[in-house]
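Listed here are the chains, written in short residue letters.
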Amino acid sequence: MYGIVNQAIKGLITENYGVETWEKVKAKGKVNTPFFLSDQPYDDDITYRLVGSCSEVLELSPEQVLFAFGEYWVLKTGQEKYGELMKSGGRDFRDFMKNLPNFHSRIMLVYPKLSPPEFKVEEFDQNTLLLHYYSGRHGLTHFVIGLIHGLAKMYDEKMELKHLSNEHNGHWHDLFEIKIN
């Protein structure tokens, strides 16, 4: 993953728990990198170790950490680093979700070595979307759930999210039902 991901984890921790807690997280995860360059790729293992050590240090489940990170990514990192791109995603939450399958193709212009997930969106009815999430990376479902909640907050809209299923057949596939209120 690119350094911007690890920078964002650092931001989440330092802004909510302090620099001392971030240093504990790095030490627990055996991450010796003094800083992360946003446009440089890093081994995925570093990110997974940071999430695991956040979980231990903060006494939260990895799922809780990933959810919080997903919301933070949209509301803080996305807004600050990609404000115009985020705004161009749609005029409301529904539009953004419908445009989500094309979002990473624009991000790849900035990060050419990106290995993004794939999203497919189906309109079930006027207020319901089905979101398919495919990834070669295991275990990031709760990050995606946090992202979706963050997007709803960004647009100040209410929604209900159900995780309908997940499969692992070489690539991770999750199916979500999103009811927009």
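Cut-offs applied
- Residues numbered from 1 in each chain as written.
- Predicted model: local features only at pLDDT ≥ 70, side-chain atom pairs only at ≥ 80, totals over all residues.
- Heavy atoms only, no water.
- Helix = DSSP H or I, 4+ residues; strand = E, 2+ residues; numbered from the N terminus.
- Rg over C-alpha atoms; globule rule 2.2 N^0.38 Å.
- Buried < 20%, exposed > 50% of the residue type's maximum accessible area, 1.4 Å probe, protein only.
- Contact = heavy atoms within 4.5 Å.
- Areas by Shrake-Rupley, 256 points an atom, 1.4 Å probe, with all protein chains shown as cover.
- Lys, Arg positive; Asp, Glu negative; His and termini not counted.
- Charge placed at Lys NZ, Arg CZ, Asp CG, Glu CD.
- Pairing = 2+ DSSP bridges.

Engineer: Just checking my understanding: could you explain the overall build of the protein chain for this structure?
Structural biologist: When you go through the protein chain residue by residue, the secondary structure sums to seven helices and four strands. Shown N-terminal to C-terminal, the secondary structure of the protein chain runs as helices and strands in the order α-α-α-α-α-α-β-β-α-β-β. For 181 residues, the compact-globule estimate of 2.2 N^0.38 gives 16 Å, and the C-alpha radius of gyration of the protein chain, at 16 Å, lies within 12% of that figure. Each of the three principal axes of the protein chain carries a C-alpha extent, and together these read 50 × 35 × 30 Å. Counting over 181 residues, the protein chain shows a buried share of 45%. Put simply, 61% of the contacts in the protein chain that link residues at least 6 apart link residues at least 24 apart. If you sum the accessible surface of the protein chain, you get close to 9800 Å²; carbon and sulfur atoms cover 50% of it. Averaging the coordinates of the 20 positive side-chain charges in the protein chain and doing the same for the 25 negative ones gives two points 3 Å apart.

Engineer: Please explain unusual backbone geometry as it appears in this structure.
Structural biologist: Apart from glycine, the bulk of residues carry a negative phi angle, and the bulk of peptide bonds sit in the trans form. One non-glycine residue, K30, adopts positive backbone phi at about 55°. By relative accessible area, K30 is classed as exposed at 64%. Unlike most non-glycine residues, D156 shows phi in positive territory, near 55°.

Engineer: Looking at this structure, I do not really get the pairing of strand β4 (residues 172-180). What am I missing?
Structural biologist: On any regular strand, side chains alternate: one points to one face of the sheet, the next to the other face. The buried fraction of β4 amounts to eight of the nine residues, a majority that puts the element mostly inside the structure. The pairing of strand β2 (residues 128-135) with β4 spans eight bridges and is antiparallel. Across the sheet, residue T128 finds its bridge partner in β4, namely K179. Looking at chain direction, strand β3 (residues 159-168) and β4 are connected through nine bridges and run antiparallel. If you follow E167 over to β4, its bridge partner there is H173.

Engineer: Whenever I open this one, the pairing of strand β1 (residues 118-125) confuses me. Can you help?
Structural biologist: Across seven bridges, β1 lies against β2 in antiparallel orientation. Within β2, the position partnered with E118 by the bridge is Y134. Connecting the antiparallel pair β1 and β2 is a turn made up of two residues.

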